[in-house]
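# Descriptive structure summary
This is what each chain is made of:
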Amino acid sequence: MMAAFYEPLGDGTFRSTQHTVGPWGPDSQHLGPPSALLVRALQGLGTPSSALARVTFEVLGPVPVADLTVATSVERPGRSVELLAASLSFEGRAVLTARAWRIVGADTTAVAAGAPPPLAPPTSAVPMEIPDHWSGGYLAAVEWLSLSGGIFTPGDAQVWARPRVAVVEGSEPSPLERLFSVVDSASGVSSRLDIRKWYAINTDLTVHLHRSPVGEWIGLDARTTIGQDGVGLATSVVHDVEGPVGTTAQALFVREG
């Protein structure tokens, strides 16, 4: 099997591999790989010295395991701040969109402050248990370690994750691509519901970054809140091995299966 989430076909089209398959069925993707694919495209836009400060994804429908097309644009060019956009389409219909703010870099080392404490390192974690019937596709394409909690342990979770495959065949993934390959999983690892009986599906994903990630490992200090009206909220502080890099938020559609 190809050691990447996608095979490039040219002209912005990518063939999805079995590594993208989500746990709910063989025909739809986990949101991690398509998020990383759009961020990969966004990195090539705008000013090279700028950094992504916020990316918001809108989930317009299931992302099929199929040939998909990426399109990008600069919505608001600027010398200091730019607004970028990207979309992922299947047979001419958008299934996932992203809008991102990029900010031109500057040296603020002397005033950097306010980040929460770092997570314990990956060497302190243990392999996260994943049931056999959920062991293929995307979940197998990522190495999962648990400091506390996990997919079938209801409640807050602290986990480390490292993609085992590239985002696109023949292209070494950047730390940013690795981050976006896994951060959508915050709602899954911190679920408060029995995911065999309940749906808690995110309609969106927003990631704020206060610095660029480094390395292969991405840590999630994640928690989920379930409200009384069929709506939930999943959030996380995102880490690399040097400490926190940003936060995530996901709105959840909650229903009993």
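As shown above, the structure is provided for reference.
Here is a short report on the structure shown in this document. (Residues numbered from 1 in each chain as written. Predicted model: local features only at pLDDT ≥ 70, side-chain atom pairs only at ≥ 80, totals over all residues. Heavy atoms only, no water.)

### Notes on the nonpolar core
For clarity, the threshold we go by: Put simply, buried Ala, Val, Leu, Ile, Met, Phe, Trp, Tyr and Cys residues joined by side-chain atoms within 4.5 Å make one nonpolar core. The cut-offs for exposure are 20% and 50% of the maximum accessible area for each residue type, with area from a 1.4 Å probe on protein chains only; residues under the lower value are buried, those over the upper are exposed, and the others partly exposed. Helix numbering and strand numbering both begin at the N terminus, where a helix is a DSSP run of H or I of at least 4 residues and a strand a DSSP run of E of at least 2. In what follows, a contact means two residues having at least one pair of non-hydrogen atoms within 4.5 Å.
Grouped together as the largest cluster of nonpolar side chains are 53 residues, with contacts concentrated most on Phe57, Leu88, Leu179, Phe180 and Val183. The dominant element in this core, judged by the number of residues it contributes, is helix α1 (residues 32–43), at 5 residues. Other than its neighbours up to four places away in sequence, Leu88 contacts Pro34, Leu37, Leu38, Val63, Leu68, Thr69, Val70, Arg93, Ala94, Val95 and Leu96. Formed by 5 residues, the second largest nonpolar core is a distinct cluster that contains Leu119, Ala125, Leu145 and Trp160.

### Quick look at unusual backbone geometry
The backbone phi angle of Asp11 is positive, close to 55°, even though this residue is not glycine. Following the sequence through the fold, Asp11 ends up in the loop between β1 (4–10) and β2 (13–16). Positive phi values are uncommon outside glycine, yet Glu91 reaches one of about 50°. Among the secondary structure elements, Glu91 is positioned in the loop between β5 (81–90) and β6 (93–104).

### A few points about the pattern of salt bridges
As a reminder, the rule being used: Every case where a carboxyl oxygen of Asp or Glu lies within 4 Å of a side-chain nitrogen of Lys or Arg is listed as a salt bridge.
Taken as a whole, this structure holds 9 salt bridges when the rule is applied. Two residues, Glu75 and Arg99, come together in a salt bridge whose shortest N-O distance is 2.5 Å. Of the two residues, Glu75 is situated in strand β4 (residues 67–76) and Arg99 in strand β6; the sequence distance between them amounts to 24 residues. You can call Glu75 partly exposed: its relative accessible area is 41%. Measuring nitrogen to oxygen at the nearest pair gives 3.4 Å for the salt bridge that ties Arg223 to Asp156. One end of the pair, Arg223, is in strand β13 (residues 218–226); the other, Asp156, is in strand β9 (residues 153–163), and 67 residues separate them in sequence. Residue classification places Asp156 among the partly exposed residues on the basis of a relative accessible area of 34%.

### Structural notes on a nonpolar patch on the surface
Counted only if it meets this: Only residues whose relative accessible area exceeds 30% and that form no salt bridge are eligible for patches; like-charged ones are grouped when within 9 Å, while nonpolar side chains (Val, Leu, Ile, Met, Phe, Trp, Tyr) are grouped when within 5 Å. Each accessible area is a Shrake-Rupley estimate made with a 1.4 Å probe; only the visible protein chains count as cover when residues are assessed.
Together, Trp24, Tyr199, Ile201 and Phe253 line one region of the surface with nonpolar side chains, adding up to about 420 Å² of accessible area. If you trace the backbone, Trp24 turns up in the loop between β2 and α1. For Trp24, a relative accessible area of 51% puts it in the exposed group.

### Observations concerning the environment of Pro48
Here Pro48 shows up in the loop between α1 and β3 (50–59). The class for Pro48 is exposed, based on a relative accessible area of 78%. Taking C-alpha positions, Pro48 is 9.7 Å from Gly105, a pair spaced 57 residues apart along the chain.

### Topic: the packing of aromatic side chains
The condition that has to hold: Under the pairing criterion, centres of Phe, Tyr and Trp rings, with the six-membered ring standing for Trp, must be within 6.5 Å; the plane angle then separates stacked pairs below 30 degrees from edge-to-face pairs above 60, leaving the rest tilted.
One pass over the full model with this rule turns up 4 aromatic pairs. An angle of 50° between the planes, with centres 6.0 Å apart, marks the rings of Trp24 and Tyr199 as tilted. One end of the pair, Trp24, is in the loop between β2 and α1; the other, Tyr199, is in strand β11 (residues 198–202), with 175 residues separating them in the sequence. Under the relative-accessibility criterion, Tyr199 is labelled partly exposed at 38%. A ring pair is formed by Tyr138 and Trp144, whose centres lie 6.2 Å apart and whose planes are at 70°; its orientation type is edge-to-face. Counting every residue linked through ring pairs, the aromatic cluster contains Phe5, Tyr138 and Trp144.

### Considerations on the pairing of β9
In regular strands, side chains alternate between the two faces of the sheet. Under the convention used in this document: Only when DSSP finds a minimum of two bridges between them are two strands counted as paired.
Where strand β8 (residues 142–150) meets β9, 7 bridges bridge the pair, whose relative direction is antiparallel. Residue Gly150 lies in a different strand from β9, and its bridge partner there is Thr153. Linking β8 back to β9 in an antiparallel pair, the connection comprises 2 residues. In terms of strand pairing, β9 meets β13 through 5 bridges, oriented antiparallel. The residue of β13 that forms the bridge with Gln158 is Asp221.

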